[in-house]
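Spelled out from the first residue to the last, the chains are:
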Amino acid sequence: MTQTAAPQRCPGCGSLLAACDGPVHAYMLSTPACWQAFGALVAREYADPALMEVHRLTVDTWAVQHPGDGSRRAIQSVGLHLCRLTLQLEHGFSGRRANDAMLRLGRLKAQLPALPPRASYRMTVADMGPVSGPDAHAAAVRRWARSTWEDWADQHGFVAEYLARSGLGPFSSTAR
């Protein structure tokens, strides 16, 4: 990967990272540097089993910050990742349990509308630099996830409604 001198702003999350050449996600819009930073974060989690507890928060947070190219799969990605984020942050689902729920939510994904992208985020992958140890990493991921969920506050009602329609809302017997 070749580094260039000028920083580049990510069209998805707005992070400002040193520009570089390299691959990007197939349909989530980002700079190569942002995709690389996300890859490094995920690699750190896969290298330490203790970090798998927050891995899905990492994936969901990055995904909703990179809404994509407007394709059906990009629209569905944002909606489903927002749902999995809320199940973990607001309803106490473990990552594994939230993932199982996300698979069920996929039944209704064709009904997901395009949600308006955010103009900016208070925290991005650029704020997730190296941390010392798994506890600090997990705490940083949780702060990033919570901050991003708050950045999507205008869509909390929509997510709650979608979860309720799917049988996963907070008052649904299948949510427990």
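The numbers attached to residues start from 1 for each chain and follow its sequence in the written order. Only residues with pLDDT of 70 or above have their local features reported here, since the model is predicted, and side-chain atom pairs are shown and tallied only from 80 upward, although totals for entire chains, interfaces and linings are computed over all residues. Computation of side-chain values covers all heavy atoms of the structure but excludes hydrogens and water.

Let's shift gears to the side chain of Gln 88. Helical segments are the DSSP runs of H or I of at least four residues, strand segments are the runs of E of at least two, and each set is numbered from the N terminus. If you trace the backbone, Gln 88 turns up in helix α3 (residues 72–89). When its relative accessible area of 11% is taken as the criterion, Gln 88 is described as buried. N or O atoms within 3.5 Å of each other form a polar contact, as long as, within protein, one can give a hydrogen and the other can take it, and as long as residues adjacent in sequence are counted only when both atoms are side-chain atoms. A distance of 2.9 Å separates a polar atom in the side chain of Gln 88 from a polar atom in the side chain of Asp 60. By the convention used here, residues are in contact when the closest approach between their heavy atoms is within 4.5 Å. The contacts of Gln 88, once residues within four sequence positions are left out, are Arg 56, Leu 57, Asp 60, Phe 93, Ser 94, Gly 95 and Ala 98. To sort residues, take the accessible area from a 1.4 Å probe on protein chains only and compare it with the maximum for the residue type: under 20% means buried, over 50% means exposed, and anything in between is partly exposed.

Should a side-chain nitrogen of Lys or Arg be within 4 Å of a carboxyl oxygen of Asp or Glu, the pair is scored as a salt bridge. The final tally for this structure, using the stated rule, is seven salt bridges. Between Arg 142 and Glu 53 there is a salt bridge, with its nearest N and O atoms 2.3 Å apart. Within this pair, whereas Arg 142 is found in helix α5 (residues 134–151), its partner Glu 53 is found in helix α2 (residues 52–64), the two being separated by 89 residues in sequence. Between Glu 150 and Arg 122 there is a salt bridge, and its shortest N-O distance comes to 3.4 Å. With Glu 150 in helix α5 and Arg 122 in the loop between α4 (95–105) and α5, the pair connects residues that are 28 residues apart, well separated along the chain. Salt bridges sharing partners connect three or more residues here, namely Arg 122, Glu 150 and Asp 151.

Owing to its 3.6 residues per turn, the α-helix brings residues three or four apart onto one side. One less than the number of residues in a helix, times 1.5 Å, gives the span that helix is expected to have. For α3, spanning 18 residues, the distance from its first C-alpha to its last is 26 Å, which sits close to the expected 26 Å at 1.5 Å a residue. Among the 18 residues of α3, 16 are classified as buried, and the element is accordingly described as predominantly covered.

Taking 1.5 Å per residue as the helical rise, helix α1 (residues 32–47) with its 16 residues ought to reach 22 Å, and the 22 Å between its terminal C-alpha atoms agrees with that figure. For α1, the complete set of buried residues consists of Pro 32, Ala 33, Cys 34, Phe 38, Leu 41, Val 42 and Glu 45.

Between the rings of Phe, Tyr and Trp (Trp by its six-membered ring), a pair exists once the centres lie within 6.5 Å; its type follows the angle of the planes, with under 30 degrees stacked, over 60 edge-to-face, and the other angles tilted. Summed over the entire model, instances satisfying the criterion amount to four aromatic pairs. When the ring of Trp 35 is compared with that of Trp 62, the centres are 5.3 Å apart and the planes differ by 50°; the resulting orientation is tilted. Taken as a pair, Trp 35 in helix α1 and Trp 62 in helix α2 lie far apart in primary sequence, 27 residues in all. With relative accessibility at 24%, the residue Trp 35 sits in the partly exposed group. A connected cluster of aromatic rings, assembled from ring pairs, spans Trp 35, Phe 38 and Trp 62.

To continue, consider the nonpolar core. Core analysis: the biggest nonpolar cluster contains 48 residues, and Leu 82, Leu 105 and Tyr 162 have the highest contact counts within it. Going through the elements one at a time, β2 (16–20), α1, α2, α3, α4, α5 and α6 (156–166) are the ones with two or more residues in this core. Here this core gets eight residues from one element, more than from any other, and that element is α3. When near neighbours in sequence (up to four residues on either side) are disregarded, Leu 82 contacts Val 64, Leu 115, Trp 149, Trp 152 and Val 159. We define the nonpolar core as a collection of buried residues of types Ala, Val, Leu, Ile, Met, Phe, Trp, Tyr and Cys that are connected through side-chain atoms lying within 4.5 Å of one another.

All axes are obtained by fitting lines to C-alpha atoms, using only the stretch in contact for helices, and the reported angles, taken between N-to-C directions, cover 0 to 180 degrees. One way to put it is that α3 packs onto α4 with a least axis distance of 9 Å and a crossing angle of 145°. Here α3 runs over α4; the crossing is right-handed. Taken together, the residues of α4 that come into contact with α3 (itself represented by Leu 80, His 81, Cys 83, Arg 84, Leu 87 and Gln 88) are Gly 95, Ala 98, Asn 99, Ala 101, Met 102 and Leu 105. Classifying every residue of the contact of α3 with α4 by side-chain character gives seven nonpolar, four polar and one charged. By convention the crossing between two helices is left-handed if the near helix lies anticlockwise of the far one by an angle smaller than a right angle, and right-handed if it lies clockwise. Following the grouping adopted for this structure description, the nonpolar residues are Ala, Val, Leu, Ile, Met, Phe, Trp, Tyr, Cys and Pro, the charged ones are Asp, Glu, Lys and Arg, and the polar ones are all others, Gly among them.

pLDDT expresses how confident the predictor is about each individual residue, on a scale running from 0 to 100. Of all residues in the chain, 93% attain a pLDDT of 70 or more, and the chain-wide mean is 90. Per-element mean pLDDT across the chain ranges from 75 in strand β1 (residues 3–9) up to 97 in α5.

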